[in-house]
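Residues per chain, in single letters:
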Amino acid sequence: QVQLVESGGGLVETGGSLRLSCAASGSVYDIDDMAWYRQAPGKEREEVAFITHGGTTRYAASVQGRFTVTRDNAKNTVFLQMTTLLPEYTAAYFCCANLRDNTLSFQTYWGQGTQVTVSA
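Residues numbered from 1 in each chain as written. Predicted model: local features only at pLDDT ≥ 70, side-chain atom pairs only at ≥ 80, totals over all residues. Heavy atoms only, no water.

Engineer: Describe in detail the state of the cysteines, supporting the description with residues and values.
Structural biologist: Enumeration over the complete set of coordinates arrives at one disulfide. The disulfide that involves Cys22 links it to Cys95, with 1.8 Å between the sulfurs. You can see Cys22 sitting in strand 3 (residues 18-26) and its partner Cys95 sitting in strand 9 (residues 91-100), a full 73 residues away along the chain. (Disulfide = S-S within 2.5 Å. Helix = DSSP H or I, 4+ residues; strand = E, 2+ residues; numbered from the N terminus.)

Engineer: Would you mind going over the packing of aromatic side chains in detail, with residue names and values included?
Structural biologist: Counted by the stated rule, this structure contains two aromatic pairs. For the ring pair Phe67 and Tyr89, a centre distance of 5.3 Å and an interplane angle of 70° mean the geometry is edge-to-face. Of this pair, Phe67 sits in strand 7 (residues 67-72) while Tyr89 sits in the loop between strand 8 (77-82) and strand 9, and the two are 22 residues apart along the sequence. For Tyr89, a relative accessible area of 2% translates into the label buried. The ring of Phe79 has Arg19 sitting right over it, with the charged end atom 4.1 Å from the ring centre. Over the ring of Phe50 we find Arg58; its NZ or CZ atom is 4.1 Å from the centre of that ring. (Phe/Tyr/Trp six-rings, centres within 6.5 Å; stacked < 30°, edge-to-face > 60°. Buried < 20%, exposed > 50% of the residue type's maximum accessible area, 1.4 Å probe, protein only. Lys NZ or Arg CZ within 6 Å of the ring centre and 35° of its normal.)

Engineer: Break down unusual backbone geometry for me, with residues and values.
Structural biologist: Of note in the backbone geometry, Thr84 takes a positive phi value of approximately 45° without being a glycine. Looking at the secondary structure, you find Thr84 in the loop between strand 8 and strand 9. A positive phi angle is found at Leu104, which is not glycine, with a value near 65°. Position of Leu104 relative to the elements: it lies in the loop between strand 9 and strand 10 (106-110). Here Leu104 falls in the exposed class, since its relative accessible area comes to 52%.

Engineer: Could you give an account of the side chain of Glu6, naming the residues involved and the relevant values?
Structural biologist: One can find Glu6 in strand 1 (residues 2-7). It is Arg45 that comes nearest to the buried, bridge-free Glu6 among opposite-charge side chains, at 7.5 Å. Polar side-chain contacts of Glu6 include one of 2.9 Å to the backbone nitrogen of Cys95. At a separation of 3.1 Å, a polar atom in the side chain of Glu6 contacts the main-chain amide nitrogen of Gln112. Apart from residues no more than four positions distant in its own chain, Glu6 is found in contact with Ser21, Cys22, Trp36, Tyr93, Phe94, Cys95, Gly111, Gln112, Gly113 and Thr114. (Lys, Arg positive; Asp, Glu negative; His and termini not counted. Salt bridge = Lys/Arg side-chain N within 4 Å of Asp/Glu carboxyl O. Polar contact = N/O pair within 3.5 Å; in protein donor to acceptor, adjacent residues only side chain to side chain. Contact = heavy atoms within 4.5 Å.)

Shown next, in the form of structure tokens:
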């Protein structure tokens, strides 16, 4: 069984920073791509940052220059450093990983999410 557990969310003022972490545990053989998504109330889930196993990254236009995604492959962990936060970034943030589990095939797993609230 595989678990992705996010941490680091919370309440922050406009212009502040937060660092999210997401660790994969359980029957993880290797991890390919990882990503962060967010979902605000009444809106669809959207990808905000993506990182390959080799470290190539991609960002949503709305967070380019403000968010940085990194990963520690040895610890099966992905991070999202968020700076200069805006109230419109308030959402539940989810990590996602395409990984090989004990079925020896790649599958997509999701974390339970961590809430980020940016006060005006």
